[in-house]
Amino acid sequence: MFGTIKVAEQPELKKFPQKAASAIPILEEELKSLTGATYKIIGYVGTQSVKGTNHVFVLEQLMSTAKVERHIVEVSVNEFQGEFSFNRKSFRQLY
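Bear in mind that the values here come from a model prediction, so they are computed numbers and not experimental data.

**Looking at the overall build of the protein chain**
Link 1 in the chain: The helix and strand inventory of the protein chain stands at one helix and six strands.
Link 2 in the chain: Start at the N end of the protein chain and walk to the C end: the helices and strands fall as β-α-β-β-β-β-β.
Link 3 in the chain: Within the span of the protein chain, comprising 95 residues, buried residues form 35% of the whole.
Link 4 in the chain: Pairs at least 24 apart in sequence give 48% of the contacts found in the protein chain among residues at least 6 apart.
Link 5 in the chain: On the protein chain, roughly 6500 Å² of surface is accessible, and the fraction owed to carbon and sulfur atoms is 53%.

Here it is in structure tokens:
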């Protein structure tokens, strides 16, 4: 069923399911190209079945402003036909 969210068992930090781990290099490369903030992967939520599979990660976000702001954000990396892609519009502030 499309749109169904499957929550992952909570793995130890940096021990992700194999498919999610495969998405991390693409995610980290894309995050480096964003200006105005730095990001650190702090968790993995699970998957969402859409056109392909969205792997949903939780990140720590440090905003580069006059006063440093720290947020927790969620972002997804899509896997479709063995290829991973990152959609910058998938950011959602959690805290």
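**Here's the deal with the packing of aromatic side chains**
Given two aromatic rings, their pairing is described by the distance between the two centres and the angle made by the two planes.
Link 1 in the chain: One pass over the structure, following the stated rule, counts five aromatic pairs.
Link 2 in the chain: Between Phe16 and Tyr44, the aromatic rings sit 6.1 Å apart at their centres with planes inclined by 70 degrees, giving edge-to-face as the arrangement. Within this pair, whereas Phe16 is found in the loop between β1 (5-7) and α1 (18-32), its partner Tyr44 is found in strand β2 (residues 37-50), the two being separated by 28 residues in sequence.
Link 3 in the chain: The rings of Phe16, Tyr44 and Phe57 are connected pair by pair, giving a single aromatic cluster.

**A few points about the pattern of salt bridges**
Link 1 in the chain: Tallying each qualifying case throughout the model produces three salt bridges.
Link 2 in the chain: Close ionic contact of Glu79 with Lys19 constitutes a salt bridge, the shortest N to O distance being 3.0 Å. Here Glu79, found in strand β4 (residues 69-80), pairs with Lys19, found in helix α1; they are 60 residues apart in sequence, far enough to count as distant.
Link 3 in the chain: Judged by its relative accessible area of 10%, Glu79 falls in the buried class.
Link 4 in the chain: For Lys19, a relative accessible area of 48% translates into the label partly exposed.

**Topic: α1**
Residues separated by three or four positions in an α-helix point in the same direction, a consequence of the helix having 3.6 residues per turn.
Link 1 in the chain: The terminal C-alpha atoms of α1 lie 22 Å apart, and with 15 residues this matches the ideal 21 Å at 1.5 Å per residue to within 8%.
Link 2 in the chain: Residue Ile24 marks the point of greatest curvature in α1, where the axis turns by about 30 degrees; the proline Pro25 follows within four residues.
Link 3 in the chain: By the burial criterion, the buried members of α1 are Ala20, Ala23, Ile24, Leu27 and Leu31.
Link 4 in the chain: Against β2, β3 (52-63), β4 and β5 (83-86) lie the buried residues of α1.

**Quick notes on the side chain of Asn78**
Link 1 in the chain: Summarising the element assignment, Asn78 is placed in strand β4.
Link 2 in the chain: Since its relative accessible area comes to 16%, Asn78 is described here as buried.
Link 3 in the chain: In terms of polar contacts, Asn78 uses its side chain to reach the backbone carbonyl oxygen of Lys51, at 3.3 Å.
Link 4 in the chain: Excluding anything up to four places from it in sequence, Asn78 contacts Val50, Lys51, Gly52, Thr53, Asn54, Glu83, Phe84 and Ser85.

Here is what the cut-offs are and how they apply
- Going along each chain's sequence as written, the residues are numbered from 1 onward.
- With the structure being a predicted model, the display of local features is reserved for residues of pLDDT at least 70 and the display and counting of side-chain atom pairs for 80 or more, all residues being used for whole-chain, interface and lining totals.
- Water and hydrogen atoms play no part in the side-chain values, which are based on all heavy atoms of the structure.
- For the purposes of this entry, the term helix denotes a DSSP run of H or I that reaches at least four residues, the term strand denotes a run of E that reaches at least two, and both are numbered from the N terminus.
- The cut-offs for exposure are 20% and 50% of the maximum accessible area for each residue type, with area from a 1.4 Å probe on protein chains only; residues under the lower value are buried, those over the upper are exposed, and the others partly exposed.
- Two residues form a contact once any of their heavy atoms are found within 4.5 Å.
- The Shrake-Rupley method, run with a 1.4 Å probe, gives the accessible areas here. Residue values count only the displayed protein chains as cover.
- Planes of paired rings set the category: under 30 degrees apart is stacked, over 60 is edge-to-face and the rest tilted, where pairs are Phe, Tyr or Trp rings (Trp by its six-membered ring) whose centres lie within 6.5 Å.
- A carboxyl oxygen of Asp or Glu within 4 Å of a side-chain nitrogen of Lys or Arg is what we treat as a salt bridge.
- Multiplying 1.5 Å by the residue count of a helix minus one yields the expected span of that helix.
- A residue's bend is simply the angle between two axes: one fitted to the seven residues ending at it, one to the seven starting at it.
- Within 3.5 Å is the distance limit for a polar contact, defined as a pair of N or O atoms, with the added protein rule that one can donate a hydrogen and the other accept it, and that residues adjacent in sequence qualify only through two side-chain atoms.

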